[in-house]
Amino acid sequence: MTDAKTEKSDYNAEDDIDRKDRIKLAADLVQTLSKSGKTLKIYPETSPVRQKIIDELNEKFAKFLNQCGELDLRIRQFEITYNDEVIYSNPSKEESLAFKFYGDGIRSIRFTVGLEEKEILDFIGIISRNYSLDAQDNDIITMLWEKNFENIHHTAVDYREEREIETIAPEDYIPSESGSGNLQSVFNAEVSKHTADTGDDGETTLQAAAGAELVIEAIYKKPISEIFILTQEEIEQIQQEMETEEGMDLVSELLDILFHILQIEKELDIYTEILKNITDTLKTFILSGDYQRGLPILTTLKALSNEENNFSPVHAQEVYSAIDSLGVEQFIRQLTTSINMNKLIDTTQLFSFLTMLNKNAIESISNMTGTIEQIKIRRLYCDVLALLARDNMELLIKGLEDSNWYVVRNIVYVLGKIGSAEAIKYLRRIKNHSEPKVRKEIVHAVSEINSDDAKDLLSYYLDDKDSSVRLTALQNIAIHGYRKAVPSILNIIIGENFDTKDAYEKKEIFETLGILNSPQSISYLKDILMKRAGFFSKARIEEQRAYAAMALKKMSIPEAKDMLKEGLSHPDKSIRNICEETLKYMEKEQK
Amino acid sequence: MNEKPSMGKKDASGKEFINNLHILIKTALIHDSSNIAITTPLTKTMDSVHLLLAGRDSFSLRLIHDNLFINDTKIRVDIENFLASMFLTGEMKKNNTGKITFHLQLSANELRQFVYAFISPVSKAPTSNETFEDVLDKLSSYSIKNITIDRLQEETGSLGQPVRTTQEMAANIYFKTISVVSEIMDSTKLKNAANMTKAKRLIQSMVDLMLQDESTILGLTTLKAYDEYTYNHSVNVSILSLAMGQRLGYNRKELSDLGMATLFHDIGKIDMPVDLLNKPTDFTPEEWQIIRRHPVYGVKTLLKLKGLQERAIKMVMVSFEHHLNYDLSGYPKLLSPKRVSLFGRIASITDCYDALTSSRVYNRNPFLPDRALFFMMKKSGTAFDPTLLKIFINVVGIYPVGTLVLLSTNELGLVIQANPSPVNIHRPLIKLITDPKGNEIDGDTVDLSKHENITIKRSIDHRKYGVDVSKYFL
C-alpha cells in the first residue's frame, strides 16, 4: 500500500511539476507577446531595443516549442488559457489581448514547431493594429487568413455570433419537376437523334456530327489543341496588367468611375449621391494636404457647376451646392486645424484651392483668420478673401463687428487689399475702434484706397491718441503726397499738445510737411523759423526752428528758398545761421 | 469552427522548383551537357531542390490526372507557371513517368545527367511502357542513385473523384453564401446596416477550398435556382471568378477581394422593381433601359455600404464595369474612354456565362454550357478580353463542368472536371451515368485524354429531360 501510494504520489508530483513548468512558461510567453505589440510600435526598425525584444520573444517561443511541442491557447472573453489554466487575464475591453481575439470570433490559437521570426513579427503586427468596427477590411481573422501562417493556426466561430448561419437547404435548389430525371428517356431520344444526325440549326448539325471542337475550330480557324494555349505574349501582357493594378491608386480609380457617372447620370437622386461621394473624397484629400489630387477634382466640379457644361440648371446647381459644402465654416475650421498641425503646406496650391471656392466661403475664411497660427497662412487667407470678396464685400463686413480685435484687423487688411472706395463707409463705422492695431490697419487700408474720403479718414488719424497710429498716418500721408492734410498737420503744430509729443513724432510731422511741399505751409514755417526766443523759451523755440528748417530742406518750391534768403538778413544771428546752413544744404542737393 | 489550412510557403517553393526545372530541361534540349549555358539553370534548380529537401530525406514530383504535385501538395497552376507546368506534364507523360523522387544526397552532376537521360530521344513510340524502361536504363547506366522514377499509374475512377468531405464542405459554404448574400441584399434594400463580414469569411473559406480542390467547388455552379436567381447567380459568378483569379496567380487577399467584388456585382438589382425582375416575358426596350441602370445603382448602394475602403472600391469597380464590355460597347454607355479593370473584365465573362446557362423567369430555355461558350467566343476581343476568355475556357473547359454528354460509346456521361491541359481541352473527365444501353449506373470517372478512342458526340440539354446534374456535385 505504502509503496504504491508513494509510487503514485511520486508520479503525480513529477507530472505536476512538469505541467506547472509548462504553464509558467506559457504564461510568461503570452505576457511578453501582449507587451511586445505596444513596445515594438514605439521603436524604429533599426533600434537595438526593438531587436532585443524580438530576440527575447524568439527565445521564449523556441524554448517553449522545443520543450512542449506546441502552444495551444484557448481564448475566453477576457482570459487566455493553456491546459485549462488561466495564464492571461485582463478585463479591460480596450487593452485585453484576449478580448481582441474573442471579439473577432477567435476561440483558439496554436503555435507549432518551426515557428519563424517573421511569423512572430507578422503576428505581433496583426495583434497590435487598431481595429475599428468600420474597418471591416482588416479584422484580425482576415489578417491572419491573408498571412496564411504555416505555424500559427486559429479556430473561429461565425462573425460575432455563435449560432450557425441559417442556410438555404440544398433541396430548394433542385428543380421540383426533375426528380432524378429519366436517363433512359434521355438516352433513347439522344442516341436516336444522333443516329439520324439531325439538328435544329446549322451549329447543332455541325456539333452533332463532330462535337464542339469543330465549332470552336471554325470560330478560331485553328486546331482545337492550339487554341487555348496562352502565348508568351499573352502571359506577359496579363502579368503587366496585374502589376499595373497592384500599384493602382484605388481612390483615383473610384473617382474616375464617379466622374464617368456624373457625365451620364440624369437621375437627380443618384447624381446628388455620387456628387456627395466625390465631394467627401475631395474633402479628405484637402484635409490631408493632398492638393495634387484635390485640385483637379475641384476644377472639374467648377466646370460642371456651369449650366453650359451640365444637363440642366438643376444639375449645375447641385454641383454648385456641393462646392458650397467646402466653404461652410465646419469644413474651413477642419482645414485650418489641419494646416495648424502641418507646417509644411504648399501655399500656392492652398491658395488655388481656396480661391476656387464659392462666395459662401468668405465668412468662414474670415472667421478663421483669427485661428490660423502661421502668419504667412493668415496673410494667404486674407489674400484669398480679397479675391473672393471683391464683388461681395458685404459678406466680409460682419467680421468688422467681431469681438476679437485681430479678426477685425484682418478684415480691415482685406478691405485695403480690395481697395474699393466702397469700403470707406464700412471703415468709418469702426474708425474709433478701441484697439490701436485695428486703427493702424485702417490707416494702411485707407492709404490703399484712392478717394478723397479715404484721405480724409487718413487725416483723421493724425490726431489719434496712439502715437504709432499717428505716425503711420503721417507716413502714409507723406507717401501718397496728400496735400489736403497740410492744414491738419499745421493745426497739430500750433496745437496745445504739440510740445508734449516726443522728438521723433515732432520730426516726422515737420518732415511730412516738407515732403508735402505745399506753399500753404510757408508762412507757418516762416513764423516758426523767425520767431525769436525768450529767456525761458529758448530751448523750445530753437528745437522748433530746427524742425522748420528740416521741413524747408525737403521742399522744392521757390517760396521756401525765398523765405530762407530773407532769413539771411535777420538780426538774430542764430536765425541767420540756420537759414544759411539750410540754403547751403539745398544748393548742394540741387547740384 | 474551422481550422485554416496553410499552403503558402510550400506552394511557392514547389512553383519555383517547377519553373527552374522547366528552364533547365529547355536549356538541355538546346545545349549539350558540357555547355556553360546549363550552369545557371542547374544551380537554380539545385537551390530549389535544397529548399524542398529542407528537413526531409526526399521529395517527389508527381503527375496525377494532368496535375503536378510536390509530395501531396498540388501545384497551383497560374499565369506564372502555366507554361512550365504544361511542359513538364508533357515531358513526364512522354516518358510515361508518374513520379520523380529527389533524394537528400543529390549532387548537381547527378541532376545534370538525369536531365539529359530524361530528354534523350526515345526509340519507342511515345507514352509506351518501353519509354519508361529506356529512361530507367539510362539512369542505371549513369549510376544515378539520388533521383528515382516511378511509372505513370493507370488512373482509376477513384483518383479523379472528389473526396466526399470536401464536397460536403463546399456545398455547405455554397448554401451559406447564398443565404448571406440574400440577407445582405435584403438588409440593404431595407436600408439596414449590412454585415459584410459574414460574406467575407465565407469567401475566405471558398478561396481555401478553391486552392485545395477547384473542381468540386466549380461543380456547384451547376446549381441553378429558378426562384432565387439573383443570389444563386451571384455565388456562381463569384466561384467562377475565383477560379479565374487562381489561374491568374492572385494571392489570397486578391482572391478574397475578387470573390467579394463579384459576389455583389449585381447588388444594384435591389433597386429594380421586383415585378420587372420577375417578368415572365421578354423585356420591352423601355424595360431594358431600366435593367441597364443596375450597374450605376450598384455603385450608389455600395458607396453607402462601405465608404472608401480598398475592398469596397473594388466592389464598386466590378458593379460599374461588369456590363461595360472590353471594348466599352456594353452599358452604361460612357461619354469618354475608360480602362476596364481586370476584376471588371473577369466579372463580365463569368457573369455572362452563368447568366446564359441559367434558367431565369424571362429565360426559361438557357444555353447549354458549350453553346454559351460558342456565343462568348464569337465576342472574344469585342465584348470580352480575349486572353481572359481563353483563361476562362481553360478553367471550365469547352464542355464545362456539369455538361451532360453522349459519348461515342453510346454511354451518357457528366463532365466533372475540365482537362487541366489546354491541348486536351476537348477531353474532360467524365463520370459515366448510363451504360451503352441507357441503364442508369454509378459509373467510373474516365479521363478522355487517356482514352483517345472515346469521343464526345454531343452535349445534351439535361433540363429538357428533367435531369438534375447538380445532384452529382452535392
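Residues numbered from 1 in each chain as written. Chains lettered and ligands numbered in written order. Predicted model: local features only at pLDDT ≥ 70, side-chain atom pairs only at ≥ 80, totals over all residues. Heavy atoms only, no water.

Moving on, we come to the overall build of chain A. When helices and strands are counted, chain A shows 30 helices and five strands. Taken across its 591 residues, chain A has 48% of its residues classed as buried. Sequence-distant contacts in chain A: of pairs separated by 6 or more residues, those separated by 24 or more amount to 63%. By element, 49% of the accessible surface of chain A is carried by carbon and sulfur atoms, the whole surface being about 30,000 Å². (Helix = DSSP H or I, 4+ residues; strand = E, 2+ residues; numbered from the N terminus. Buried < 20%, exposed > 50% of the residue type's maximum accessible area, 1.4 Å probe, protein only. Contact = heavy atoms within 4.5 Å. Areas by Shrake-Rupley, 256 points an atom, 1.4 Å probe, with all protein chains shown as cover.)

Glancing now at the overall build of chain B. For chain B, the helix and strand inventory stands at 18 helices and 10 strands. Residues counted as buried form 65% of the 474 residues belonging to chain B. If you sum the accessible surface of chain B, you get close to 17,100 Å²; carbon and sulfur atoms cover 52% of it.

This part takes up the sheet that holds strand E10 (residues 456–460) of chain B. Strands belonging to one sheet form pairs held by backbone hydrogen bonds; the direction of such a pair is parallel or antiparallel. Residues and elements named next belong to chain B. Spatially, the five strands line up as an open sheet ordered E9-E8-E7-E6-E10, and their pairing is antiparallel. Pairing within the sheet leaves two strands with one partner each, and these edge strands are strand E9 (445–447) and E10. Strand-to-strand twist across the sheet, computed as the mean angle between neighbouring axes with direction ignored, equals 40 degrees. Relative to strand E8 (residues 429–432), strand E7 (residues 412–417) is paired through four bridges, and the arrangement is antiparallel. Bridge pairing in E8 links Gln417 to Leu429. (Pairing = 2+ DSSP bridges. Axes fitted to C-alpha atoms, helices over the stretch in contact; angles between N-to-C directions.)

Our next topic: unusual backbone geometry. Here the bond from Tyr331(B) into Pro332(B) is cis, since omega is -5 degrees, no more than 30 degrees from zero. Relative to the assigned elements, Pro332(B) resides in the loop between helix H15 (310–321) and helix H16 (342–357).

Residues and elements named next belong to chain B. Within E7, six of the six residues are buried, which leaves the element mostly enclosed by the surrounding structure. Looking at chain direction, strand E6 (residues 404–407) and E7 are connected through three bridges and run antiparallel. What sits directly across from Val405, in E7, is Gly413.

Let us now look at the packing of helix H8 (residues 196–212) of chain B against helix H11 (residues 252–263) of chain B. Residue and element names in this part refer to chain B. Contact pair H8 / H11: the axes reach a minimum separation of 9 Å and the direction vectors enclose 125 degrees. One finds that H8 runs oblique with respect to H11. Where H8 crosses over H11, the two elements pack in a sense that is right-handed. Counting all contacts with H8, which are made through Met196, Ala199, Lys200, Ile203, Gln204, Val207, Asp208 and Leu211, the residues of H11 involved are Arg252, Leu255, Ser256, Gly259, Met260 and Leu263. (Parallel < 35°, antiparallel > 145°, perpendicular 65-115°, else oblique. Left-handed = near helix turned anticlockwise from the far one by under 90°.)

All right, on to the environment of Gly370(A) then. Residues and elements named next belong to chain A. Position of Gly370 among the secondary structure elements: in the loop between helix H17 (361–368) and helix H18 (375–388). On the basis of relative accessibility, which here comes to 27%, the residue Gly370 falls in the partly exposed class. Considering only alpha carbons, one finds Gly370 and Asn404, 34 residues apart in sequence, at a separation of 7.8 Å. Sequence-distant contacts of Gly370, that is, excluding residues within four places in its chain, are made with Tyr406, Val407 and Asn410.

What the rule picks out here adds up to 53 salt bridges over all chains. The closest approach of N and O atoms between Arg439(A) and Asp464(A), which form a salt bridge, is 2.7 Å. Of this pair, Arg439(A) sits in helix H22 (residues 436–448) while Asp464(A) sits in the loop between helix H23 (452–460) and helix H24 (467–480), and the two are 25 residues apart along the sequence. The pair Arg439(A) / Asp464(A) is uniform in exposure class, with both members buried. A salt bridge links Glu183(B) to Lys198(B), with the shortest nitrogen-to-oxygen separation between them at 2.8 Å. (Salt bridge = Lys/Arg side-chain N within 4 Å of Asp/Glu carboxyl O.)

The next thing to look at is the side chain of Glu119(A). Residue and element names in this part refer to chain A. Secondary-structure assignment places Glu119 in helix H4 (residues 117–127). For Glu119, a relative accessible area of 8% corresponds to the buried category. A distance of 3.0 Å separates a polar atom in the side chain of Glu119 from the backbone nitrogen of Asn151. The residues contacting Glu119, other than those within four sequence positions of it, are Gly114, Phe149, Glu150, Asn151 and Ile152. (Polar contact = N/O pair within 3.5 Å; in protein donor to acceptor, adjacent residues only side chain to side chain.)

Residues and elements named next belong to chain B. Side chains Leu404 and Leu406 project from E6 onto one buried face, and the interleaved Val405 and Leu407 project onto a second face that is buried too. Note: E6 against E10, four bridges, orientation antiparallel. Across the sheet, the residue bridging to Val405 is Ser459, located in E10.

Further remarks concern helix H25 (residues 486–494) of chain A. Residue and element names in this part refer to chain A. Inspection of H25 places Val486, Ile489, Leu490, Ile492 and Ile493 among the buried residues, and these make up the whole buried set. One face of H25 carries all of its buried residues, which in axial projection span an arc of 155 degrees. Away from its buried face, by an angle of more than 90 degrees, H25 presents the exposed residues Asn491 and Ile494. Looking at the buried positions of H25, the neighbouring elements they touch are H24, helix H26 (503–516) and helix H27 (522–530). (Arc of directions from axis to C-beta.)

Tallying each qualifying case throughout the model produces 22 aromatic pairs over all chains. Considering the side-chain rings of Trp405(A) and Tyr406(A), the 5.7 Å spacing of their centres and the 75 degrees angle between planes classify their relative orientation as edge-to-face. When its relative accessible area of 31% is taken as the criterion, Tyr406(A) is described as partly exposed. Taking 5.6 Å as the distance between ring centres and 90 degrees as the angle between the ring planes, the aromatic pair formed by Phe367(B) and Phe375(B) counts as edge-to-face. Following the ring pairs from residue to residue traces out a cluster consisting of Phe17(B), Phe59(B), Phe102(B), Phe114(B) and Phe118(B). Across from the ring centre of Tyr460(A), 4.2 Å away, lies the NZ or CZ of Lys431(A), which sits over that ring. Of note, Lys300(B) hangs over the ring of Tyr297(B), and the distance from its end group to the ring centre comes to 5.7 Å. (Phe/Tyr/Trp six-rings, centres within 6.5 Å; stacked < 30°, edge-to-face > 60°. Lys NZ or Arg CZ within 6 Å of the ring centre and 35° of its normal.)

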